[in-house]
Amino acid sequence: MRDSRRWWAAVLLLGSALIVQARPGKEGFTPLAYRPLVRFRHKQDGITESLRMKGFFSQNGFSGPCEHKYCGLGKHCVVDRETGEGECHCLERCKPHYKLVCGSDGKLYQNHCELHRASCMYHQRITIMHSEECFYKDDNCRLGDYKKLKTKMMDLHAQRYLNPRNHGSHEKDMATKKHLVDMMFKRFDADVNGRVDSSELSQDFGDDGSLYITKVTTTHMGNYTCHADGYEQLFQMHTLQVNVPPVIRVYPESQAREPGVTASLRCYAEGIPDPQLSWLKNGMDITTKLSKQLTLQANGSEVHISNVHFEDTGAYTCIARNEAGVDEDISSLFVEDSARKTLANILWREEGLGVGNMFYVFYEDGIKVIQPVACEIQRHIKPSEKLLGLQEEVCPQVEGEKDLKCLWTSAVNVKDKFIYATQPLLNRLLIVDIQSQKAVQTVSTDQVPVKLHYDKSHDQVWILSWGDLEKNFPTLQVISKASGSTSHHTIHTQPVGHGFDRVEDFFIPPISLTINHIRFGIILHKNEPALHKIDLETTSYMKNISLKEYDCIPQSLAYTHLGGYYFVNCRPDSTGAVRPQLIIDSVTDNVIGPNGDVSGTPYVSPNGHYLVSVDDRDGLMRLQPVSMQGEIGQPFDIHTNLHLSDLAFMPSFIDANKYNVFGSSGRQTDALFVELSTGNVKMIKSLKQPTPPAQWPWNRQNRVMTGSGLFGQYLMTPSQSSLFILDGRLDKLNCEITDVLLGNTVVWVGEA
């Protein structure tokens, strides 16, 4: 029916063509008398000159060569400048006039003139077809169908506009029918220009009782229920499933290995439904070559080659398929003798072991760049180090402080090009260039900047500042084109009075492989039961989502693109009683209701399939699956007394499309590992005491847990004076790096 909307518009207007020119009179609505439309120019000389140019008058005022020459439809007479004779040429253009005409060539023309002009230009005899059926050629709907539609539309609007006692009068009384159609026309004619175009009709489609969704995304999937107006017991449910073609990534893109060592090629894909993976080597199916030396692991997401040989060199293609489409990517393996320094070998060593795949730790004595595989400190940027080409120091001495110390509260990775880090007591950000591993710029901010978020959709860094240490004058600022090489500066969001001056916190949903654009963010106000929606592109306030009915003052949020739900953690009430989370539909911005009895801080896995809620008061972690259809499952409880401070998700090394979670304790020395697909739990012990909450007043995460990306194997979590690197594949401690005080700001850089 979508392809037939233009015909529906044409039929509706055909039914009202005689009524458009009607005007109210004493006896009701009567058509106006026909009056020819004549346009005059104010200057007579202009008319004469115009006619002379067309050949109707000669220079002396007598008749010209075109005066008595008839060229026929679609043509006009033009004077040849060389011969002075009148010649017939096809019209260059027709006057803009809309009255559909069906041609004998099977095409529709905007008016008679266009049909005859086409006949002239293409040297083809095209005549006018007067059969109404011609208008519906190649259309699934026939003329009779449109007549039925027109009748139903009239009946629908009669119920809406006419007195109930006169509902059927339009069927017999022509004056009533004219009156009804005139009201319909005025209603559709949004710009009051006397015409109804397709855009005006499309804006009104929702009023026919149907629901139309444009630009469907995964946020729209779910169950939709249609209720009969006035008969709530009559309803029909529709399930909308949104399938998404796979998006694939491989790691590494290329690698060079020496004979006898082990090589792994990993593949990750997202899509709806979950994609199935397969591998080719140099275009041939790899399953025919599997052996003890060459195996597929983690449900086919990893090619593992032990004791590599020269013949293992090749292009390994990972292919992801689901019902919506196919995607593929290539991981290249070069097996070469170490004595032969080929280009591939050199490139791999520079990219794989160079500036990428590192943890950047911001602590009291500057910045440490750490390679996690061997626990090596690759670079130490000291507080006294000068910025590249500038006289500014990384951490200049603060007034009143005896020693040169750094204080950091937040840092973000900007496209593996820069790291932005807050220096709250200096009222600025420090920008570190990842390629050179040097500090290159400072950016002044409002006082006491404490939180950063990088919005990859719009290449923006958002900055929350407190104004003072008591949070009395909070503001939001934005740095646009954050990954650009030009000098950066902040801009303020909307002025005071639009909600940006009372911000307590803000939340921007993360992107994924399949969801690479986020339009809206959320602002939280201090002690206010509401969420404030902002447009990230324009950095402007959009609307207020009230939570007053549920007496919920939001503390934190999480988001899943599967169904498009926000999970809101509410602050305990005045008696200390815990409130359940609220679920909000991001499409309608309506509160769906409580998430059962689940409470605590929500976290959502990067693929949107798992909701993990942490309630510190009860020592409880609750896991809930989120289905492809956006259905939120029943919680699975894990009891723990760790008082979890932060969580980090990592893709499973055993099952494709699965995730594990690691949690750090804000009070104890152990960390938590949970396999989300099974609920299996493991403790990682002896990680020393975290930074006391009193020494970390900037947020609730007094001990962060930071993962190493989509293909990463390692995580980092700091204690009060050390750094601990965890092995995510083996679920155990990898190493400890000592003498790192207050290193609670950690950023990962690299693809792994």
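Being a predicted model, the structure only gives us computed values, none of them experimental.

1. Quick word on the overall build of the protein chain
Inference 1: Looking only at helices and strands, one finds seven helices and 49 strands in the protein chain.
Inference 2: Partitioning the contacts of the protein chain with sequence separation of at least 6, the portion at a separation of at least 24 is 48%.
Inference 3: For the protein chain, the computed accessible surface area is about 39,800 Å², with 51% contributed by carbon and sulfur atoms.

2. Description of the pattern of salt bridges
Inference 1: Summed over the entire model, instances satisfying the criterion amount to 15 salt bridges.
Inference 2: Residue R379 is joined to E385 by a salt bridge in which the shortest nitrogen-to-oxygen separation is 2.7 Å. Like E385, R379 is buried.
Inference 3: Where D551 meets R579, a salt bridge forms, and the shortest distance between an N and an O atom there is 2.8 Å.

3. As for the pairing of strand β32 (residues 530-535)
Inference 1: For β32, the buried fraction is high: six of the six residues fall into the buried class.
Inference 2: Of the two faces of β32, both are covered, the one formed by A530, H532 and I534 as well as the one formed by L531, K533 and D535.
Inference 3: Note: strand β31 (residues 520-525) against β32, five bridges, orientation antiparallel. Residue pairing in the sheet places I522 in a bridge with K533 of β32.

4. Things to note about the sheet that holds strand β46 (residues 714-718)
Inference 1: Strand order across the open sheet formed by three strands is β46-β47-β48, with antiparallel pairing between neighbours. Two strands lie at the open edges of the sheet, namely β46 and β48 (732-738), each paired on one side alone. Direction aside, neighbouring strands of the sheet carry axes that sit 25 degrees apart on average.
Inference 2: Bridge analysis of β46 against strand β47 (residues 722-727) gives five bridges, and the strand direction is antiparallel. Bridge pairing in β47 links T717 to F724.

5. Topic: the sheet that holds β32
Inference 1: Sheet architecture is open: four strands sit in the order β30-β31-β32-β33, paired in antiparallel fashion. Across the chains shown, the open sheet's two edge strands, defined by having one partner strand only, are β30 (503-507) and β33 (540-546). Across this sheet, the average inter-strand angle for adjacent strands is 30 degrees, counted without regard to direction.
Inference 2: With four bridges joining them, β30 and β31 adopt antiparallel strand pairing. Bridge pairing links D505 to L524 in β31.

6. Some remarks on a positive patch on the surface
Inference 1: Together, R249, K415, K417 and K456 make up a region of like positive charge exposed at the surface.
Inference 2: Take K417: it is sitting in the loop between β22 (411-414) and β23 (418-423).

7. Here's the deal with empty space enclosed by the protein
Inference 1: According to the stated counting rule, one finds five cavities of 30 Å³ or more in the structure shown.
Inference 2: In this structure, the largest cavity spans a volume of roughly 160 Å³.
Inference 3: For the largest cavity, the lining is made up of 18 residues, of which C267, Y268, S301, S652 and A656 are closest to its centre.
Inference 4: The element that contributes the greatest number of residues to the lining of the largest cavity is strand β12 (residues 263-272), accounting for four residues.
Inference 5: Counted by class, the lining of the largest cavity contains eleven nonpolar, three polar and four charged residues.
Inference 6: Within this model, the second largest cavity holds a volume of roughly 110 Å³.
Inference 7: Residue lining of the second largest cavity: 14 residues in total, with E270, G271, D274, N607 and H609 positioned closest to the centre.

8. Concerning unusual backbone geometry
Inference 1: Omega for the peptide link from Y251 to P252 comes to -10 degrees, which places this bond in the cis form.
Inference 2: Structurally, P252 can be placed in the loop between β10 (244-251) and β11 (254-257).
Inference 3: Its identity is not glycine, yet H123 carries a phi of approximately 50 degrees, on the positive side.
Inference 4: The residue H123 is located in the loop between α3 (112-121) and β7 (128-129) in this model.

9. Quick word on the state of the cysteines
Inference 1: Taken as a whole, this structure holds eight disulfides when the rule is applied.
Inference 2: One disulfide bridge connects C66 with C77, the sulfur atoms lying 2.0 Å from each other. Taking the torsion about the sulfur-sulfur bond, which here is approximately -70 degrees, the covalent link between C66 and C77 counts as left-handed. One end of the pair, C66, is in the loop between α2 (44-53) and β3 (75-79); the other, C77, is in strand β3, and eleven residues separate them in sequence.
Inference 3: On the basis of relative accessible area, C66 is assigned to the buried category, the value being 2%.
Inference 4: One disulfide in the model links C552 with C570; its S-S distance is 2.0 Å. Its S-S torsion of about -95 degrees marks the bond between C552 and C570 as left-handed, since a negative value means left-handed. Here C552 is found in the loop between β33 and β34 (554-560), whereas its partner C570 is found in strand β35 (residues 565-570), with 18 residues between them in sequence. The same class applies to C552 as to C570, namely buried.

10. A word on the side chain of T640
Inference 1: Locating T640 in the fold gives a position in the loop between β41 (636-639) and β42 (644-651).
Inference 2: Classification of T640 as buried rests on a relative accessible area of 15%.
Inference 3: Here L642 takes part through its backbone nitrogen, which lies 3.1 Å from a polar atom of the side chain of T640.
Inference 4: If near-sequence neighbours (up to four positions away) are discounted, T640 is found in contact with G619 and L620.

11. Re a nonpolar patch on the surface
Inference 1: Taken together, the side chains of L211, I213 and V216 present a nonpolar region at the surface, about 250 Å² in accessible area.
Inference 2: You can see L211 is positioned in the loop between α6 (198-202) and β8 (222-228).

12. Focus on the side chain of D589
Inference 1: Within the fold, D589 resides in the loop between β36 (582-585) and β37 (590-594).
Inference 2: Overall, D589 belongs to the buried group, its relative accessible area being 10%.
Inference 3: Only 2.9 Å separates the side chain of D589 from the side chain of K533, close enough to count as a polar contact.
Inference 4: Within polar-contact distance, the side chain of D589 engages the side chain of K543 at 3.4 Å.
Inference 5: For D589, the contacting residues outside a window of four places in its chain are K533, K543, I545 and I584.

13. Concerning helix α5 (residues 174-188)
Inference 1: Between the first and last C-alpha of α5 there are 21 Å, a value that for 15 residues agrees with the 21 Å anticipated at 1.5 Å per step.
Inference 2: What α5 keeps buried is the set T176, L180, V181, D182, M184, F185 and F188.

14. Quick notes on the environment of D731
Inference 1: Mapped onto the secondary structure, D731 falls in the loop between β47 and β48.
Inference 2: Given a relative accessible area of 16%, D731 falls into the buried group.
Inference 3: Separated by 49 residues in the primary sequence, D731 and K682 place their C-alpha atoms 8.0 Å from one another.
Inference 4: In contact with D731, other than residues within four places in its own chain, are F662, F673, K682 and I684.

15. A word on α3
Inference 1: Looking at α3, one finds that the buried residues are L115, H116, R117, A118, S119 and C120.
Inference 2: Residues of α3 that are buried make contact with β3, β4 (86-90), β5 (101-103), β6 (108-109) and β7.
Inference 3: For α3, the side-chain oxygen to backbone nitrogen distance between the N-cap and C113 is 3.2 Å, and the N-cap itself is N111.
Inference 4: A positive backbone phi angle near 50 degrees is found at H123, which sits one or two residues after α3.

Calculation criteria
- Residues numbered from 1 in each chain as written.
- Predicted model: local features only at pLDDT ≥ 70, side-chain atom pairs only at ≥ 80, totals over all residues.
- Heavy atoms only, no water.
- Helix = DSSP H or I, 4+ residues; strand = E, 2+ residues; numbered from the N terminus.
- Contact = heavy atoms within 4.5 Å.
- Areas by Shrake-Rupley, 256 points an atom, 1.4 Å probe, with all protein chains shown as cover.
- Salt bridge = Lys/Arg side-chain N within 4 Å of Asp/Glu carboxyl O.
- Buried < 20%, exposed > 50% of the residue type's maximum accessible area, 1.4 Å probe, protein only.
- Pairing = 2+ DSSP bridges.
- Axes fitted to C-alpha atoms, helices over the stretch in contact; angles between N-to-C directions.
- Patch = residues over 30% accessible without salt bridge, like charges linked within 9 Å, V, L, I, M, F, W, Y side chains within 5 Å.
- Lys, Arg positive; Asp, Glu negative; His and termini not counted.
- Charge placed at Lys NZ, Arg CZ, Asp CG, Glu CD.
- 1 Å grid on protein atoms, 1.4 Å probe; cavity = no way out; pocket = protein on both sides within 12 Å on 5 of 7 lines; lining within 4 Å.
- Points joined across faces, edges and corners; volume = space filled by probe spheres on them.
- Nonpolar A, V, L, I, M, F, W, Y, C, P; charged D, E, K, R; others polar.
- Disulfide = S-S within 2.5 Å.
- Polar contact = N/O pair within 3.5 Å; in protein donor to acceptor, adjacent residues only side chain to side chain.
- Expected span 1.5 Å × (residues − 1).

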